[in-house]
Amino acid sequence: MRLVADSTTPTSRLVLVEELETDDGHAFEPANPLFLAVGDRIGFEGGRLVVVRAGGDRMTPAGGWSTRCGLGAGHRQ
């Protein structure tokens, strides 16, 4: 499923997130599986995943970045 991580587009259904891959070949892998509820919004601020719950609460799940393809594939800082 493609999710828009622009901090403004709400999810339309319950989603289990095990990784979020970007268009440029990087992926954010949460330390634990993450459930997004209907209406939650996601975005990246300063290289960290930020989840804004439908009720307005903000959370920044722990996790790390990796590269999915190309030269130098592996973890990024």
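Residues numbered from 1 in each chain as written. Predicted model: local features only at pLDDT ≥ 70, side-chain atom pairs only at ≥ 80, totals over all residues. Heavy atoms only, no water.

Asker: If you had to explain the environment of Glu18 to someone new, which residues and values would you point to?
Answerer: The topology assignment puts Glu18 in the loop between strand 1 (15-17) and strand 2 (20-21). The spatial distance from the C-alpha of Glu18 to the C-alpha of Pro33 is 5.2 Å, given a sequence separation of 15 residues. (Helix = DSSP H or I, 4+ residues; strand = E, 2+ residues; numbered from the N terminus.)

Asker: Describe the packing of aromatic side chains, listing the residues and the values that go with them.
Answerer: On inspection of all chains with the given rule, the structure shows three aromatic pairs. Between Phe28 and Trp65, the aromatic rings sit 5.5 Å apart at their centres with planes inclined by 70°, giving edge-to-face as the arrangement. With Phe28 in strand 3 (residues 26-30) and Trp65 in strand 8 (residues 63-67), this pair connects stretches of sequence that are 37 residues apart. A ring pair is formed by Phe44 and Trp65, whose centres lie 5.1 Å apart and whose planes are at 45°; its orientation type is tilted. With Phe44 in strand 5 (residues 41-45) and Trp65 in strand 8, the pair connects residues that are 21 residues apart, well separated along the chain. Of the residues examined, Phe44 reaches a relative accessible area of 30% and is grouped as partly exposed. Among the residues examined, Trp65 registers a relative accessible area of 10% and is labelled buried. By way of ring pairs, the aromatic residues Phe28, Phe44 and Trp65 are connected into one cluster. (Phe/Tyr/Trp six-rings, centres within 6.5 Å; stacked < 30°, edge-to-face > 60°. Buried < 20%, exposed > 50% of the residue type's maximum accessible area, 1.4 Å probe, protein only.)

Asker: Go over the sheet that holds strand 5, please, and point to the residues and values.
Answerer: Strand order in the open sheet made by the three strands is 5-6-7, with antiparallel pairing throughout. Two strands in the sheet have a free side with no partner beyond their single neighbour: strand 5 and strand 7 (58-59). The sheet contact formed by strand 5 and strand 6 (residues 48-52) spans five bridges and is antiparallel. When the sheet's bridge partners are listed, Arg41 is paired in strand 6 with Val52. (Pairing = 2+ DSSP bridges.)

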